[in-house]
Amino acid sequence: MSEAGSGAGKGGGSGGAIRDAGGSFGKKEAAQEEQYFRKLQAKQLKDMKDGLEKEVKFHEEQIKAHQEALKRHKARLDKLDD
């Protein structure tokens, strides 16, 4: 396997004129591309985590509301038994 930025890759196409030429410009281009995708992946993971945390909070609030409703209904049942 060749080093990133050292020329055209094996992906079925070239990486662009600068990457085709290889050398330091090609390496810089490859490094910038890798950095872009790392940042994109980090943002996607953060967004997913934030979404899951929001869902957990919603469900915890729903559980609390249901527990309170159960308590009220049980109290009404107890009054009917008296």
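Heads up: these notes are all about the structure in this document.

What follows covers the overall build of the chain. Check the secondary structure of the chain and you find 2 helices and 0 strands. Taken across its 82 residues, the chain has 9% of its residues classed as buried. Carbon and sulfur atoms provide 57% of the accessible area of the chain, an area that totals close to 7500 Å².

The next thing to look at is helix α2 (residues 23-81). Compared with an ideal rise of 1.5 Å per residue, which puts 59 residues at 87 Å, α2 spans 87 Å between its outermost C-alpha atoms and is within 8% of the ideal. Within the sequence span of α2, burial applies to G26, A30 and A69.

This next bit is on the packing of aromatic side chains. Any aromatic ring pair is given by two values, namely how distant the centres are and how the planes are angled relative to each other. Counting across every chain of the model gives 1 aromatic pair. A centroid spacing of 5.0 Å and a plane angle of 75° characterise the contact between Y36 and F37, whose relative ring orientation is edge-to-face.

Counted under the stated rule, the structure contains 2 salt bridges. D47 is the partner of K43 in a salt bridge, and the nearest nitrogen-oxygen pair spans 2.7 Å. Pair noted here: K43 and D47 are both in helix α2, with a separation of 4 residues, about one helical turn. For D47, a relative accessible area of 40% gives the class partly exposed.

We now examine a nonpolar patch on the surface. A cluster of nonpolar residues, Y36, F37 and L40, forms a patch on the protein surface that exposes about 300 Å² of accessible area. Its place among the elements puts F37 in helix α2. On the basis of relative accessibility, which here comes to 45%, the residue F37 falls in the partly exposed class.

The rules behind these values
- Residues numbered from 1 in each chain as written.
- Predicted model: local features only at pLDDT ≥ 70, side-chain atom pairs only at ≥ 80, totals over all residues.
- Heavy atoms only, no water.
- Helix = DSSP H or I, 4+ residues; strand = E, 2+ residues; numbered from the N terminus.
- Buried < 20%, exposed > 50% of the residue type's maximum accessible area, 1.4 Å probe, protein only.
- Areas by Shrake-Rupley, 256 points an atom, 1.4 Å probe, with all protein chains shown as cover.
- Expected span 1.5 Å × (residues − 1).
- Phe/Tyr/Trp six-rings, centres within 6.5 Å; stacked < 30°, edge-to-face > 60°.
- Salt bridge = Lys/Arg side-chain N within 4 Å of Asp/Glu carboxyl O.
- Patch = residues over 30% accessible without salt bridge, like charges linked within 9 Å, V, L, I, M, F, W, Y side chains within 5 Å.

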